[in-house]
Each structure stands twice: as C-alpha cells, then as structure tokens.
Amino acid sequence: MTDSIKRQSIDSDRFDPDFVDRVVDAGADRIKTCIQCGTCSSVCPSGRRTAFRTRELMRKAILGLKDEVLSSPDLWLCSTCLTCLERCPRQIKVTDAIIIMRNMAVQEGYMLPQHKKVSQKLLDTGHAVPLDDANQEMRKELGLDEVPETVHSHRKALKDVQKLMDITGFKKLIERQGREE
Ligand code: SF4
Ligand code: SF4
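For every chain, the first residue of the written sequence is number 1, and numbering continues from 1 along that sequence. Here the convention is simple: chains get letters from A, ligands get numbers from 1, in the order in which they are written. Under the rules for a predicted model, residues below a pLDDT of 70 receive no local features and side-chain atom pairs below 80 are neither given nor counted, while totals for whole chains, interfaces and linings still include all residues. Hydrogens are left out, water is left out, and the side-chain values use all remaining heavy atoms of the structure.

A.B. asks: So what exactly am I meant to see when it comes to the site of ligand 2 here?
C.D. replies: Lining the immediate surroundings of ligand 2 are 13 residues, of which C44, C78, C81, L82 and C84 lie closest. A helix here means a DSSP run of H or I that spans at least four residues, while a strand means a run of E at least two residues long, and both kinds are numbered starting from the N terminus. At the level of secondary structure, the elements contributing two or more residues to the shell around ligand 2 comprise α3 (45-49) and α7 (94-107). Residues are grouped as follows: Ala, Val, Leu, Ile, Met, Phe, Trp, Tyr, Cys and Pro are nonpolar; Asp, Glu, Lys and Arg are charged; every other residue, Gly included, is polar. Residue composition of the shell around ligand 2, by class: eight nonpolar, five polar and no charged. The near set for a molecule or strand comprises every residue that places at least one heavy atom within 4 Å of it.

A.B. asks: Honestly, the pattern of salt bridges in this entry has me stumped. Any pointers?
C.D. replies: Salt bridge criterion: a side-chain nitrogen from Lys or Arg within 4 Å of a carboxyl oxygen from Asp or Glu. Following the criterion strictly, the structure yields eight salt bridges and no others. For K32, the salt bridge is made with D21, and the minimal N-O distance between the two is 2.7 Å. Remark: D21 occurs in helix α1 (residues 19-25) and K32 occurs in the loop between α1 and α2 (39-43); sequence separation between them is 11 residues. Across the salt bridge formed by E68 and K60, the nearest N and O atoms sit 3.4 Å from each other. Beyond isolated ion pairs, a larger network of salt bridges with shared partners links R14, E56, K60 and E68.

A.B. asks: Before we go on, may I ask you to explain the domain arrangement of the chain in this structure?
C.D. replies: Start and end positions for the domains come from either an automated domain assignment or a database one. Once the domains are mapped, the chain shows domain 1 (12-107) and domain 2 (113-177). Taking only C-alpha atoms, the centre of domain 1 and the centre of domain 2 are 31 Å apart.

A.B. asks: Can you walk me through helix α11 (residues 170-177) in this structure?
C.D. replies: Residue pairs three or four apart in sequence face the same way in an α-helix, which turns once every 3.6 residues. All of the buried residues in α11 are L173, I174 and Q177. Viewed along the axis of α11, the buried residues span an arc of 95 degrees, placing them on a single side of the element. Opposite the packed face of α11, turned more than 90 degrees from it, sit the exposed residues K172, E175 and R176. Those residues of α11 that are buried lie in contact with α7 and α8 (113-125). Exposed residues in this analysis have more than 50% of their type's maximum accessible area, buried residues have under 20%, and partly exposed residues fall in between, with area computed by a 1.4 Å probe over protein chains only. The arc refers to the directions leading from the helix axis to the C-beta atoms. Any two residues whose heavy atoms approach within 4.5 Å at even a single point are treated as in contact.

A.B. asks: Please clarify how a nonpolar patch on the surface should be interpreted in this entry.
C.D. replies: Each patch groups residues whose relative accessible area exceeds 30% and which form no salt bridge, using 9 Å between like charges and 5 Å between nonpolar side chains of Val, Leu, Ile, Met, Phe, Trp and Tyr. Residue exposure ignores everything except the shown protein chains as possible cover, and the areas themselves are Shrake-Rupley values with a 1.4 Å probe. Taken together, the side chains of M138, L142 and L144 make up a nonpolar region of the molecular surface, amounting to roughly 320 Å² of accessible area. Mapping L144 onto the fold places it in the loop between α9 (133-141) and α10 (157-167). A relative accessible area of 43% places L144 in the partly exposed class.

A.B. asks: Got a minute to help me understand the environment of L173 in this structure?
C.D. replies: Residue placement: L173 occurs in helix α11. Ignoring any residue separated from it by four or fewer positions in sequence, one finds L173 in contact with V106 and Q107.

A.B. asks: Help me out: how do you make sense of the site of ligand 1 in this one?
C.D. replies: Within the structure, ligand 1 sits among 13 residues, and C34, C37, G38, C40 and C88 are positioned closest to it. Sorting the residues of the shell around ligand 1 by element identifies α2 and α4 (54-63) as the ones contributing at least two each. By residue class, the composition of the shell around ligand 1 is nine nonpolar, three polar and one charged.

Structure (structure tokens):
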C-alpha cells in the first residue's frame, strides 16, 4: 500500500498580502497575470548557470512571500538583459519587477556585501573603483593620464559628490546597512 499524501501548508505570517500590489504600483503592472508558463526561466541566461529561476521568483512575489523574495541572493543573479521581458506571453515587465524588488530589498536592509563595499567606496572617495598603483600603471600603458579628470584629480569635488549622496538619501541608505570591512 502506498503512503498517503501529506498536506503541506505555509505559515500565514510568511505572507504579506500587500506586497505584490506595491510591486504593481511601482511599475510592474501586469505581474498578477503571470500564468507560470516558465518562458522567462527557459530563456534566462543567468538561470542556465545558476539555480536562479525567474518563474519561481515571480510566483513567490505574487503569493506575497515578501521576506523570502527580498532576502534571497537569487534576486541579484539577474543580469537585467531583458530577454524574459521580450518573451513573456503576458507582456509582464519581468526585469522591471526584479529591479523594483531589488530597490525594496535595499530599503529593507538586504544589501549584498559586495554592493555595500562599492557603495561605501563611492561615499568615501567619490569613486566605485579605487585608483590604485595597478590602475594607474594600466592607464599609463594605454596612453592616458595616470590620474583621470574626476574627483581623483579634483579633490574639492568630493564634497559636492557627498552632498549629492546626502540630498538623494543614498548616504543614509548605505549607513543603515552598516559598514562592511
Ligand atoms: S514568462 Fe511571463 S507569464 Fe510566463 S512565467 Fe514568466 S512572468 Fe509568468
Ligand atoms: S532580465 Fe534577468 S531574469 Fe530576465 S532573462 Fe535576463 S537575466 Fe534572466
């Protein structure tokens, strides 16, 4: 005799019924029409090399599994190539939905350590890429000025960059994530 099938259920406190509406309001207006056809997953170049499944992400978002979606590193595996958006039979702006959820994730404190480091570098120096000896050497080999015409050569502009980051709220956002050493 075969074992009986066990009924599985998800704790109700894992659902946020308003989550998908916030994603819709932010611009992914057709997301609720998803028919789970899986076309997005099948054309996704990131999914070919990782465990990332676009269809699954869409399903979880529609179900309202907010924390699961926002805390998942999978959210960051999309390369925003737009292929799924072009192929979705429901014309759902899949890539936009992912970007919207990324923004929500950062607002809620879920930021990848690598992104924190780059953001802090931008905040501290005005640049995401440090100008180290190797970079300067490479620039010289390419016939470029060793120090580019940016905040690196205009140190006073750093204050302006930091002011902009302050006004736009970017600084507060990064500081809220805590420093990444
Ligand atoms: S391609 Fe569109 S309809 Fe199909 S699963 Fe992906 S988001 Fe849903
Ligand atoms: S936009 Fe992102 S989710 Fe869509 S196919 Fe490209 S990598 Fe995959």
